[in-house]
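Observations on the three-dimensional arrangement
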Amino acid sequence: MHPQRFKNMDISIIVPLFNEAESLPKLYEWVARVMRENKFSYEVIFVNDGSTDESWDVICRLKKDSKKEDGAVRGICFRRNYGKSAALYCGFKKAQGDVVITMDADLQDSPDEIPELYRMIMEDGFDLVSGWKQKRYDNKLTKNLPSKLFNATARKVTGIQLHDMNCGLKAYKNEVVKNIEVFSEMHRYIPYLAKNAGFTKIGEKVVQHRKREFGVSKFGLSRFVNGYLDLLTLWFLNKFGKQPMHFFGLVGSLMFFIGFIAVIVVGGMKLHAISHGLQAMLVGVNPYFHIAILMMILGCMLFLAGFLAELVIRNSPSRNDYLIKTQI
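Described in the following lines is the structure provided in the data block. Everything numeric in this text was worked out from a predicted model, so none of it was measured.

1. A look at the overall build of the protein
Per the secondary structure count, the protein includes 10 helices and seven strands. Each of the 328 residues in the protein was classed as buried or not, and the buried ones make up 43%. Taking contacts inside the protein between residues at least 6 apart in sequence as the whole, the part at least 24 apart equals 81%. Of the roughly 18,700 Å² of accessible surface on the protein, 60% is carried by carbon and sulfur atoms.

2. A word on the nonpolar core
Core analysis: the largest hydrophobic core is formed by 37 residues, its most contacted members being Ile11, Ile13, Met35, Phe46 and Ile101. Where this core is concerned, the elements lending two or more residues are strand 1 (11–17), helix 1 (24–37), strand 2 (42–48), helix 2 (55–65), strand 4 (99–102) and helix 4 (114–122). For this core, the leading source of residues is helix 1, giving eight residues. If we ignore the near neighbours within four places in the chain, the residues touching isoleucine 13 are Val31, Met35, Glu43, Val44, Ile45, Ile101, Met103 and Ile114.

3. Structural notes on the packing of aromatic side chains
Scanning the entire structure with this criterion turns up six aromatic pairs. Taken together, a centroid distance of 4.8 Å and an interplanar angle of 55° make the contact between phenylalanine 40 and tyrosine 118 tilted. One end of the pair, phenylalanine 40, is in the loop between helix 1 and strand 2; the other, tyrosine 118, is in helix 4, and 78 residues separate them in sequence. The burial state of phenylalanine 40 is the same as that of tyrosine 118; both residues are buried. Where phenylalanine 256 meets phenylalanine 260, the ring centres are 6.4 Å apart and the plane angle is 5°; that geometry is what we call stacked.

4. Some points on the packing of helix 9 (residues 245–275) against helix 10 (residues 287–314)
Where helix 9 meets helix 10, the closest approach of the two axes is 7 Å, and the angle between their N-to-C directions is 160°. When the axis of helix 9 is compared with that of helix 10, the two are roughly antiparallel. The element helix 9 and its partner helix 10 pack so that their crossing is left-handed. Residue composition of the contact of helix 9 with helix 10, grouped by class: 22 nonpolar, six polar and one charged.

5. Comments concerning the environment of proline 191
Structurally, the position occupied by proline 191 is in helix 7 (residues 190–196). For the pair proline 191 and asparagine 166, spaced 25 residues apart in sequence, the C-alpha separation works out to 9.1 Å. Not counting residues up to four positions away in its chain, the partners in contact with proline 191 are Leu128, Ile160, Leu162, Met165, Lys170 and Ile202.

Cut-offs applied
Residues numbered from 1 in each chain as written. Predicted model: local features only at pLDDT ≥ 70, side-chain atom pairs only at ≥ 80, totals over all residues. Heavy atoms only, no water. Helix = DSSP H or I, 4+ residues; strand = E, 2+ residues; numbered from the N terminus. Buried < 20%, exposed > 50% of the residue type's maximum accessible area, 1.4 Å probe, protein only. Contact = heavy atoms within 4.5 Å. Areas by Shrake-Rupley, 256 points an atom, 1.4 Å probe, with all protein chains shown as cover. Core = buried A, V, L, I, M, F, W, Y, C linked by side-chain atoms within 4.5 Å. Phe/Tyr/Trp six-rings, centres within 6.5 Å; stacked < 30°, edge-to-face > 60°. Axes fitted to C-alpha atoms, helices over the stretch in contact; angles between N-to-C directions. Parallel < 35°, antiparallel > 145°, perpendicular 65-115°, else oblique. Left-handed = near helix turned anticlockwise from the far one by under 90°. Nonpolar A, V, L, I, M, F, W, Y, C, P; charged D, E, K, R; others polar.

If you want it as structure tokens, here you go:
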């Protein structure tokens with residue numbers, strides 16, 4: 001059950017962070033100024049992902065010092081570092097605004113982009129708007145080039161034509177964040193999660209990318225490798241999550257059939273050689289025979305894996321959980 005929302009709250013801003021104590025006061029001051037200038041009612045939700053610096057003390061101080069006319073400062077503090085997906089998941093559960101904005105805490109995302117993102121959701125009718133850092137100030141070799149390859153693959157697999165799917169600056173309808181589950185490291189693919197949940201009006205906005213002022217980046221090159229693996233996982237779950245037999249059964253049946261035909265061919269070749277008085281290799285030492293048997297065994301195992309997966313799905317209490325848009 002979703003938490004009750006306050007009436008007339010325009011925007012919830014979710015800021016996941018890890019060891020960003022130096023940038024938080026400036027970020028909050030900047031956000032508050034933009035919100036006041038545009039007369040938005042808002043809340044800022046800082047999610048402290050197990051920071052080892054003074055980040056949580058800074059958040060507590062910002063909450064204490066925030067003015068009544070400013071938006072509410074809320075905070076969530078993890079006992080240890082769980083990752084950005086966990087931080088966003090908890091922030092989404094707490095968000096109460098009509099539009100939910102996510103942004104990083106390192107001051108590389110500009111709060112000045114928020115009013116236009118809000119307008120695109122409320123007036124243009126987008127379910128989700130993702131930022132596109134068209135001009136970047138990251139290292140071209142270690143970040144820009146891998147990012148371009150990563151996004152090209154993501155566009156091909158997901159069918160969502162975004163140039164920067166992993167951009168931290170995004171805007172959502174509140175309904176979107178309440179109907180998706182962000183887990184593991186799937187924050188990179190929130191647009192794909194939203195699409196799979198039935199929110200198909202996904203837009204993009206060119207946003208300003210700023211140089212980091214404090215601290216260092218918390219992400220290494222391993223995120224690109226993990227990103228590809230997570231993308232394959234999401235694609236598979238979306239394609240065959242409800243009907244795993246359609247994948248495992250089909251592949252297993254094909255492998256078994258090819259292996260069975262190969263066994264017949266190997267046996268036929270042996271009988272043909274014997275009938276013509278020719279010397280033939282023993283079937284037991286023929287490498288093709290062993291490959292054929294292996295394919296038959298693997299085919300049976302894949303088929304059984306699909307069958308067991310179907311049994312698990314059919315006995316799952318969530319097998320008939322469907323997202324309902326509206327009803328009368």
